[in-house]
Amino acid sequence: GEDVEQSLFLSVREGDSSVINCTYTDSSSTYLYWYKQEPGAGLQLLTYIFSNMDMKQDQRLTVLLNKKDKHLSLRIADTQTGDSAIYFCAESTYQGGKLIFGQGTELSVKP
Amino acid sequence: DGGITQSPKYLFRKEGQNVTLSCEQNLNHDAMYWYRQDPGQGLRLIYYSQIVNDFQKGDIAEGYSVSREKKESFPLTVTSAQKNPTAFYLCASRTTRGQNNQPQHFGDGTRLSIL
């Protein structure tokens, strides 16, 4: 069945780059998404990539997609303390736009 | 401002009680979704609706019910049959117009606890 996996924790120093990784299993996924969740809040859409793309860049965010290995990554350049949050990757399905979410990666940015 | 409003922010349920969580959107979105989030886990889909007066079960529908009488509103009832209701509940919506798989947008959530 469909499954999305992420590592649970990542710690970086302020100013460094962060790379959050995700693997998925459904090769028919059309879009893959990155969401950010701050404590006690809902999910904020950061970016998404169509499955026929390899890379998408949006300001400090770079998404890389390796469709052969079913591997997705989110790179945050010049990471700031305000980037501390939980980051979820999600894949879309053809069933009514349902999303399958990973467990989330908690990013901790140390000054 | 356009957006998704969930209320209340915090809710407490007594044993044997049904409670209803509200989700309203003014984005003119056709599809709406309810997710449950437990600590250290991703979001799990409870119910979703792609059009008024129609909805489908998600992966963990047991103990929950929904209705979709208006496009703007998709309330979720947590029934007494749901034995472990303590969780953070998130509502989302998306448009089904334009290109496929338009992203879902989320409300700020309701935290439900047992008294």
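Refer to the preceding data block for the structure.
Procedures and definitions
Residues numbered from 1 in each chain as written. Chains lettered and ligands numbered in written order. Predicted model: local features only at pLDDT ≥ 70, side-chain atom pairs only at ≥ 80, totals over all residues. Heavy atoms only, no water. Patch = residues over 30% accessible without salt bridge, like charges linked within 9 Å, V, L, I, M, F, W, Y side chains within 5 Å. Areas by Shrake-Rupley, 256 points an atom, 1.4 Å probe, with all protein chains shown as cover. Salt bridge = Lys/Arg side-chain N within 4 Å of Asp/Glu carboxyl O. Helix = DSSP H or I, 4+ residues; strand = E, 2+ residues; numbered from the N terminus. Phe/Tyr/Trp six-rings, centres within 6.5 Å; stacked < 30°, edge-to-face > 60°. Buried < 20%, exposed > 50% of the residue type's maximum accessible area, 1.4 Å probe, protein only. Pairing = 2+ DSSP bridges. Contact = heavy atoms within 4.5 Å. Buried area = accessible area lost by both parts, 1.4 Å probe. Polar contact = N/O pair within 3.5 Å; in protein donor to acceptor, adjacent residues only side chain to side chain. 1 Å grid on protein atoms, 1.4 Å probe; cavity = no way out; pocket = protein on both sides within 12 Å on 5 of 7 lines; lining within 4 Å. Points joined across faces, edges and corners; volume = space filled by probe spheres on them. Nonpolar A, V, L, I, M, F, W, Y, C, P; charged D, E, K, R; others polar.

Trainee: So what about a nonpolar patch on the surface? Which residues, and what values?
Mentor: Taken together, the side chains of B:Tyr10, B:Phe12 and B:Leu115 define a hydrophobic patch exposed on the protein surface, amounting to about 380 Å² of accessible area. In this structure, B:Leu115 sits in the segment after strand E11 (110–114).

Trainee: Break down the packing of aromatic side chains for me, citing the residues and quoting the values.
Mentor: Tallied over the full model, the rule gives 15 aromatic pairs over all chains. Summarising the aromatic geometry, the rings of A:Phe101 and B:Tyr35 are spaced 5.5 Å apart at their centres and angled 85° between planes, so their arrangement reads as edge-to-face. Separated into two different chains, A:Phe101 in strand E10 (residues 99–101) and B:Tyr35 in strand E4 (residues 31–37) make up a pair that spans both. Here the two residues A:Phe101 and B:Tyr35 agree in accessibility, since each one is buried.

Trainee: Could you give me a rundown of the pairing of strand E6 (residues 54–57) of chain B, with the residues and numbers involved?
Mentor: Note that strand E5 (residues 43–51) of chain B and E6(B) share three bridges and pair antiparallel. Within the sheet, the bridge partner assigned to B:Tyr47 lies in E6(B) and is B:Lys57.

Trainee: Break down the pattern of salt bridges for me, with residues and values.
Mentor: All names here are of chain B. Under the criterion given, the structure shown has six salt bridges over all chains. Measuring nitrogen to oxygen at the nearest pair gives 2.9 Å for the salt bridge that ties Arg36 to Asp38. With respect to burial, Arg36 and Asp38 carry one shared label: buried. Across the pair Arg44 and Asp38 runs a salt bridge, and its minimum N-O distance is 2.8 Å. According to the relative accessible area criterion, Arg44 is partly exposed, its value standing at 32%. Among the residues examined, Asp38 registers a relative accessible area of 11% and is labelled buried.

Trainee: Please set out the interface of chain A and chain B residue by residue, giving values where relevant.
Mentor: Contact with chain A, which involves 22 residues of that partner, is made by 25 residues of chain B. Of the roughly 1,800 Å² buried between chain A and chain B on both sides combined, carbon and sulfur atoms contribute 51%. In this assembly, chain A and chain B are joined by zero salt bridges. Counting across the chain A and chain B interface gives two residue pairs in polar contact (both at pLDDT 80 or more). Every element with two or more residues in the side of chain A that touches chain B is listed here: strand E4 (31–37), strand E5 (43–50), strand E9 (85–92) and E10 of chain A.

Trainee: Requested: an account of the environment of B:Gln17, with residues and values cited.
Mentor: Residues and elements named next belong to chain B. Within the fold, Gln17 resides in the loop between strand E2 (10–13) and strand E3 (19–25). According to the relative accessible area criterion, Gln17 is partly exposed, its value standing at 30%. Taking the C-alpha atoms as reference points, Gln17 and Leu43, separated by 26 residues in sequence, lie 24 Å from one another. Ignoring sequence-local partners within four residues, the contact set of Gln17 consists of Phe12, Val78, Thr79 and Ser80.

Trainee: Any chance you could break down the layout of surface pockets for me, citing the residues and the numbers?
Mentor: Taken as a whole, the largest pocket holds about 370 Å³ of empty space. Around the largest pocket, the lining is made up of 22 residues, and of these A:Ile86, B:Gln37, B:Asp38, B:Pro39 and B:Gly40 lie nearest the centre. Among the secondary structure elements, those contributing two or more residues to the lining of the largest pocket are E9 and strand E11 (105–110) of chain A together with strand E9 (87–94) of chain B. Residue classes in the lining of the largest pocket are distributed as nine nonpolar, nine polar and four charged.

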